[in-house]
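# Notes for the structure review
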Amino acid sequence: MRKTSTSVTGDCLEVLRDLPAGIFDACIADPPYNMSKKRGLAWAFSRHVTMQETWDRFSNEEYFAFSFQWLSEVCRVVKPNGNLFVFGTFHNIYTLGFILQQLDRKVLNSIIWVKPNAQPNITCRMLTESSEQMVWACNNTRKDARHWTFHYAEAKQFNDGKQLRNVWSLPLTRRSERVAGHPSQKPVALLERVVKIATDPGDWILDPFAGVGSTAAAALPLDRHVFLVEKQARYVRAQAERMKSLSLGGKLRFKAAAAPKRKASAKPLSSHPISL
Ligand SMILES: C[S@@+](CC[C@H](N)C(=O)[O-])C[C@H]1O[C@@H](n2cnc3c(N)ncnc32)[C@H](O)[C@@H]1O
């Protein structure tokens, strides 16, 4: 394994395919949610506009195929029994959970991140969506999963010494923490919690959808290593600036993706082993 944490600019489908099996201890993945509209919704009382990113728009078939491919690759490159954390909202979490079950991974928990300061619902036709979920799975079959990393005592520290529950209330990413206007940047405090309770110092953590590097901002100060992949060069540039401003510049090196041995393509659903 490489000695220095690395951020690769590229498409994770291509980058992951060229990596050997079983090289990471854990994966924290915050993939596209497939919730963006061509034109986001705005309202008069705030500057907030709902997501309208092109990287977040797929047909249902494309999204399933894409998710199946990257999750399969993640399961290959993470060690058996390594921890997998996959973020999502109601838009995509059922698809991702279904795929993990089809891949026969042992799902350990569904963690609910409650946002006490969530944006109001603009349409006023439904409830205010104020949570995201994380599927926590062990990278092995339900039958064989064992010895996944879980720091039980450390987890209790996040709940006044009592058993930590699966509902975590943490505010949205603070304005002072925001970088490069990324529309779905995760709070470092949320990722620190995951890193502390589910990885060990010295571990290698894969983040295939790294955005502006929140996983690195949480993991590097805790003496974990990271391998980040992000498709958009502007977000990778923002990672570099962010690491510098956090005095972590020397801990993360940046690389362009090598020319892929095989080109990534979102295969049509019919070519996947799952029949719906
Ligand atoms: C939900 S955001 C992740 C945000 C990240 N957790 C953070 O806090 O900054 C998803 C990111 O994945 C990137 N992305 C989308 N498709 C990708 C792909 N195929 N390979 C690599 N990155 C991709 C997007 O550019 C976006 O920055």
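These remarks concern the structure in this document. Being a predicted model, the structure only gives us computed values, none of them experimental.

Scanning the protein chain for helices and strands turns up 7 helices and 9 strands. Relative to its 276 residues, the protein chain shows a buried fraction of 38%. Sequence-distant contacts, at least 24 apart, represent 73% of the contacts inside the protein chain between residues at least 6 apart.

Right, let's get into the environment of Arg-224. As for its position among the elements, Arg-224 is in the loop between helix H6 (214–219) and strand S8 (225–230). C-alpha separation for the pair Arg-224 and Lys-196, spaced 28 residues apart in sequence, amounts to 9.7 Å. The residues touching Arg-224, leaving out its near neighbours within four places in the chain, are Val-195, Thr-199, Pro-201, Asp-203, Ile-205 and Ala-219.

Glancing now at the pairing of S8. The element S8 is largely enclosed, with a buried count of 6 among its 6 residues. Every second residue of S8 is oriented toward a common face, with His-225, Phe-227 and Val-229 on one face and Val-226, Leu-228 and Glu-230 on the other, all of them buried. Alignment of strand S1 (residues 5–9) against S8, held across 4 bridges, turns out to be parallel. In the sheet register, Thr-9 faces S8, and the bridge partner there is Glu-230. Where strand S7 (residues 204–207) lies against S8, 4 bridges are found, and the strand directions are parallel. When the bridges of S8 are listed, Leu-206 appears paired with Phe-227. At this point the chain moves from S7, through H6, to the parallel S8, and the crossover so formed is right-handed.

Let us look at helix H7 (residues 233–245). Helix length check: H7 (13 residues) gives 19 Å between terminal C-alpha atoms against 18 Å at 1.5 Å per residue, within 8%. Among the residues making up H7, those that are buried are Tyr-235, Val-236, Ala-238, Gln-239, Arg-242 and Met-243. Axial view of H7: buried residues confined to an arc of 155 degrees, hence all on one face. With respect to the buried face of H7, the exposed residues turned more than 90 degrees away are Ala-233, Arg-234, Lys-244 and Ser-245.

Right, let's talk about the nonpolar core for a bit. Formed by 57 residues in total, the largest nonpolar core has its most connected members in Phe-24, Cys-27, Val-74, Val-78 and Phe-85. Looking at which element gives the most residues to this core, the answer is helix H2 (residues 60–77), with 9 residues. The contact partners of Val-78, leaving out residues within four places of it in the chain, are Phe-24, Ala-26, Cys-27, Leu-84, Asn-139 and Leu-206.

Right, let's get into the site of the ligand. Lining the immediate environment of the ligand, one finds 19 residues, of which Asp-30, Phe-209, Gly-211, Ser-214 and Lys-231 sit closest. Mapped onto the shell around the ligand, the elements with two or more residues apiece are helix H1 (12–17) and S8. Here the shell around the ligand is built from residues that sort into 8 nonpolar, 6 polar and 5 charged.

Attention shifts here to helix H5 (residues 188–198). With 8 of 11 residues buried, H5 is to be regarded as a mostly interior element. Burial in H5 covers these residues: Val-188, Leu-190, Leu-191, Arg-193, Val-194, Val-195, Ile-197 and Ala-198.

Taken in spatial order, the 9 strands make up an open sheet running S6-S4-S5-S3-S2-S7-S8-S1-S9, and their pairing is mixed. In the strand order of this sheet, the two ends are held by strand S6 (167–169) and strand S9 (252–256), each with one partner. Averaged over all pairs of adjacent strands, the angle between strand axes in this sheet comes to 20 degrees, irrespective of strand direction. Here strand S2 (residues 24–29) runs beside strand S3 (residues 78–88); their pairing, made up of 5 bridges, is parallel. Of the residues in S3, the one forming a bridge with Ala-26 is Asn-83. Packing of helix H3 (residues 93–102) onto the sheet brings it into contact with S3, strand S4 (106–114) and strand S5 (131–138), and relative to S5 it is tilted by some 5 degrees. Contacts between H5 and the sheet are confined to S2, S3, S4 and S6, with S2 contributing the most and set at about 155 degrees to the helix.

Looking at where Phe-24 falls in the secondary structure, it is placed in strand S2. Look at Phe-24 and you get buried, because 25 C-beta atoms sit within 10 Å. On a C-alpha basis, the gap between Phe-24 and Arg-76 in space is 9.5 Å, while along the polypeptide they are 52 residues apart. Among all residues touching Phe-24, those that are not within four sequence positions of it are Val-77, Val-78, Lys-79, Gly-82, Trp-204, Ile-205, Leu-206 and Phe-227.

Procedures and definitions
Residues numbered from 1 in each chain as written. Predicted model: local features only at pLDDT ≥ 70, side-chain atom pairs only at ≥ 80, totals over all residues. Helix = DSSP H or I, 4+ residues; strand = E, 2+ residues; numbered from the N terminus. Buried ≥ 20, exposed ≤ 12 C-beta atoms within 10 Å, placed from the backbone. Contact = placed C-beta atoms within 7 Å. Pairing = 2+ DSSP bridges. Right-handed = clockwise from strand over helix to strand, strands pointing away. Expected span 1.5 Å × (residues − 1). Arc of directions from axis to C-beta. Core = buried A, V, L, I, M, F, W, Y, C linked by C-beta atoms within 7 Å. Near = placed C-beta within 6 Å. Nonpolar A, V, L, I, M, F, W, Y, C, P; charged D, E, K, R; others polar. Axes fitted to C-alpha atoms, helices over the stretch in contact; angles between N-to-C directions.

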